[in-house]
Structure formats: C-alpha cells, structure tokens
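A structural walkthrough
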Amino acid sequence: MDLNHRSDQTKVSKSQLRPGLTLLATPIGNARDVTLRTLDALRDADALACEDTRMARRLMDMHGITLGTRPLIAYHEHNAAQATPRLMRLIEEGARVVYLSDAGTPIVADPGYRLAKAVIEAGGGLSATPGPCAAIMALTLSGLPSDRFTFGGFPPNKSGQRQSFYREFLGAPGTLIFYESPRRLAASLGDMLAVFDERDAAVARELSKSFEEIRRGSLSDLSDHYAETGAPKGEVVILLGPAASIPPTEDMLDEALRDALGEMSVKDAARTVSEALGLPRRQVYERALELK
Ligand code: SAM
C-alpha cells in the first residue's frame, strides 16, 4: 500500500485518522454515545479489526457506514496469535487500521493489548478515539473519592481465589473498581466484606441504558441486598471506597478506648484514639471519662 497516496485529502484531514492502529471506543449501552471521531474513523479506515464482526457491522449499519471492499478482520483473545501478523502487515504497509471491541474502550478488560504492544514495538503509529468506559462512568456516579482509584478488572470465579485476589488490593489507596458478572455479584460482595471489612461501596448497573441504577451504601448493606434479591439483570461494576471512608461507629470508638485505657491515662488514650479514628479530641476525651 502506498503511504503517500491519498485520493481524498479533505477526508483525511476531517477524520485525522493516521496510518497505524487506532483504538476506537464504542458505546457501553446507549448507541448515541458513539463519538463523531469514532464514526469518522469507521468510515475512513483502510481496514477494520474487531472483537466480533457482527457487533462492528451492527454499529456501522446503525450509522449508515458501509464496509465496501475493506477487510473486516476478527481479532479476539483466541485468535490473537494468528490475526496479529496479518494486521501488522497492513500497518507496516501504511494502512489506517482501526480496532473496536464489543463495547467501551478496547484493552480495558477487553482484547487489544497484544496488538497495541506489537504496534508500539514495531515503531508504528498508535492512536485512539476516547469514549465510553464502564469503570470511569461508574466511578463518576459512585459518590466515592475519585482523586485516586485502582481498576482491578474481573475477579476470579471461585470464592477462595477471589478472596486471595481481593487481598492483593488491601493496601491500595483510593477507590477500587471491579467488573463482575451479575450471577456472582452477591458472592463477590460477601468475599469483599470478608477481606476488606466494612467500607463505603457502590454497585453500578446497566450504565447508560434504560434501567441504569447506582446503588450506594455500606459494603454489608449491598452484600445483604444482593444476597436477598439474587442476581440482578444486566451488567455491573462494583466500587469500594478507601478504608477510612466510613466514620467510626460508637462501638468502634468504645472498643478502641477500652483497649487504650487498659494501657494509658485518660488523656493519652483520648489523644491516641482521636488520632487513630479521626474524631475530635474533646468528644473522645469525654467518652473516655465515661468509660473509665
Ligand atoms: N471495555 C469495556 C469498558 O470500557 O468498560 C469493558 C468490557 S468487559 C468485557 C465487560 C464488563 O464491563 C461487564 O461485565 C461489566 O462489568 C462492565 N460493563 C460494561 N458495560 C456496562 C454497563 N453498561 N453497565 C455496567 N457495567 C458495564
């Protein structure tokens, strides 16, 4: 393919689609969330790669974009080894190749990583059209701190492995975000409770769709709720606030004070506990006097 040959320069500058690989973000539920740049890229690409060709065709049909004679190449977890060389050849010839996963941002709990890495290693151009991502939308709606967050992807299916997996996140600062199957939601929340103890949490369901729902509460409330209702319909994201996001209860205060009073003076106990629990010194001191 001739890199310098562009039959329609206007079109190129409109879409700004560059030679190499462009990762396209697509809607996670609401078809109107596709960006103009993503549509331009679908229209202008020399070759299209996608996780599922039917999904890609559906998106293109919806927006009146025809494939014509352009190749539409399946690229997913199971054929990455075979599909990568074919796509790399096109990229090395100067083609503008786009990649879209089934929904949301490719590579985020979706295929595309190995291809993107191969492009980088070959010195090819890598670009992206930003857009929907369930983790980010869930975070923005969760009401949980968003200045720092960790995305954990999908936890394992089995409870024991899931608890070990969750334990790896115990020291992570900020909000934790996990993708989970609705069938395992209640069990997963139960495992989280066992590992993280009580924290603020949220479950975001069916984001951007008609039955979008954000359920916010303590981890134990959410765990109880889904244990009672059973698996909800649709897709879910679990979010867990940082360890200190729940104000200490009276019981927690009393327990900490009793421990401290066993070892130190009222004044020292009040200072130690107020610092540990982030409570006002006077309030803790008065309670310490009552307990003494
Ligand atoms: N690449 C996608 C992204 O950018 O969010 C994620 C793909 S991953 C295979 C699918 C998981 O993302 C679902 O199991 C669910 O946890 C989450 N998800 C995707 N769409 C969602 C939606 N509309 N509402 C809630 N969660 C969603």
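Cut-offs and rules
- Residues numbered from 1 in each chain as written.
- Predicted model: local features only at pLDDT ≥ 70, side-chain atom pairs only at ≥ 80, totals over all residues.
- Heavy atoms only, no water.
- Pairing = 2+ DSSP bridges.
- Helix = DSSP H or I, 4+ residues; strand = E, 2+ residues; numbered from the N terminus.
- Axes fitted to C-alpha atoms, helices over the stretch in contact; angles between N-to-C directions.
- Contact = heavy atoms within 4.5 Å.
- Domains from an automatic or database assignment.
- Salt bridge = Lys/Arg side-chain N within 4 Å of Asp/Glu carboxyl O.
- Buried < 20%, exposed > 50% of the residue type's maximum accessible area, 1.4 Å probe, protein only.
- Right-handed = clockwise from strand over helix to strand, strands pointing away.
- Arc of directions from axis to C-beta.

Attention now moves to the sheet that holds strand β6 (residues 149–151). Sheet architecture is open: five strands sit in the order β6-β7-β10-β8-β9, paired in mixed fashion. Each end of this open sheet is capped by a strand with a single partner; those strands are β6 and β9 (213–218). For this sheet, the mean angle separating the axes of adjacent strands, direction not counted, is 20°. Judged from the five bridges that link them, strand β7 (residues 175–180) and strand β10 (residues 236–240) form a sheet pairing that is antiparallel. Across the sheet, residue Leu176 finds its bridge partner in β10, namely Leu240. The strands that helix α8 (residues 185–196) touches are β7, β8 (200–205) and β10; relative to β10, the one it contacts most, it runs at about 10°.

Domain boundaries assigned for the protein chain yield domain 1 (20–129), domain 2 (134–240) and domain 3 (250–291). Computed over C-alpha atoms only, the centres of domain 1 and domain 3 are separated by 59 Å.

Turning our eyes to something else, we now look at the pattern of salt bridges. Taken as a whole and assessed by the stated rule, the structure comprises 14 salt bridges. The partner of Arg96 in a salt bridge is Asp46, and the shortest N-O contact between them spans 3.2 Å. Linking Arg96 in strand β4 (residues 96–100) with Asp46 in the loop between α2 (36–44) and β2 (47–50), this pair joins segments that are 50 residues apart in sequence. Residue classification places Arg96 among the buried residues on the basis of a relative accessible area of 9%. Take Asp46: its relative accessible area is 22%, and that puts it in the partly exposed class. Across the salt bridge formed by Glu121 and Lys117, the nearest N and O atoms sit 3.0 Å from each other. You can see Glu121 and its partner Lys117 sitting in helix α5 (residues 113–121), four residues apart, about one turn around the helix. Through salt bridges with shared partners, a single network forms among Arg205, Glu213 and Arg215.

What follows deals with the sheet that holds strand β5 (residues 126–129). One open sheet accounts for five strands, arranged β3-β2-β4-β1-β5; its pairing is parallel. Each of the sheet's edge strands pairs with one partner strand only, and the pair in question is β3 (72–74) and β5. Averaged over neighbouring strand pairs, the angle between their axes works out to 25° when direction is ignored. Alignment of β2 against β3, held across three bridges, turns out to be parallel. Within β3, the position partnered with Ala49 by the bridge is Ile73. Relative to the sheet, helix α4 (residues 80–92) contacts β1 (20–24), β2, β3 and β4, its axis offset from that of β3 by approximately 145°.

Residue alternation in β2 divides its side chains into two sets, Ala47 and Ala49 and Leu48 and Cys50, and both sets are buried. After leaving β2, the chain enters helix α3 (residues 53–62) and then returns to the sheet as β3, a path that is right-handed.

Looking now at helix α6 (residues 134–142). Buried within α6 are the following residues: Ala134, Ala135, Ala138, Leu139 and Ser142. Looking straight down α6, one finds that the buried residues subtend no more than 130° of arc, so they occupy a single side. Of the surrounding elements, those touching the buried residues of α6 are β6, β7, β8, β9 and β10. Gly143 occupies a position one or two residues after α6 and carries a positive phi of about 80°.

Note on strand geometry: in a regular strand, side chains alternate between the two faces of the sheet. Burial runs high along β8: five of the six residues are buried. Inspection of the sheet shows β8 paired to β9 by six bridges, in the antiparallel sense. By the bridge assignment for β9, Arg205 is matched with Glu213. As judged from the five bridges shared by β8 and β10, these two strands associate in the antiparallel manner. Bridging from a neighbouring strand, Ala204 pairs with Val237 of β10.

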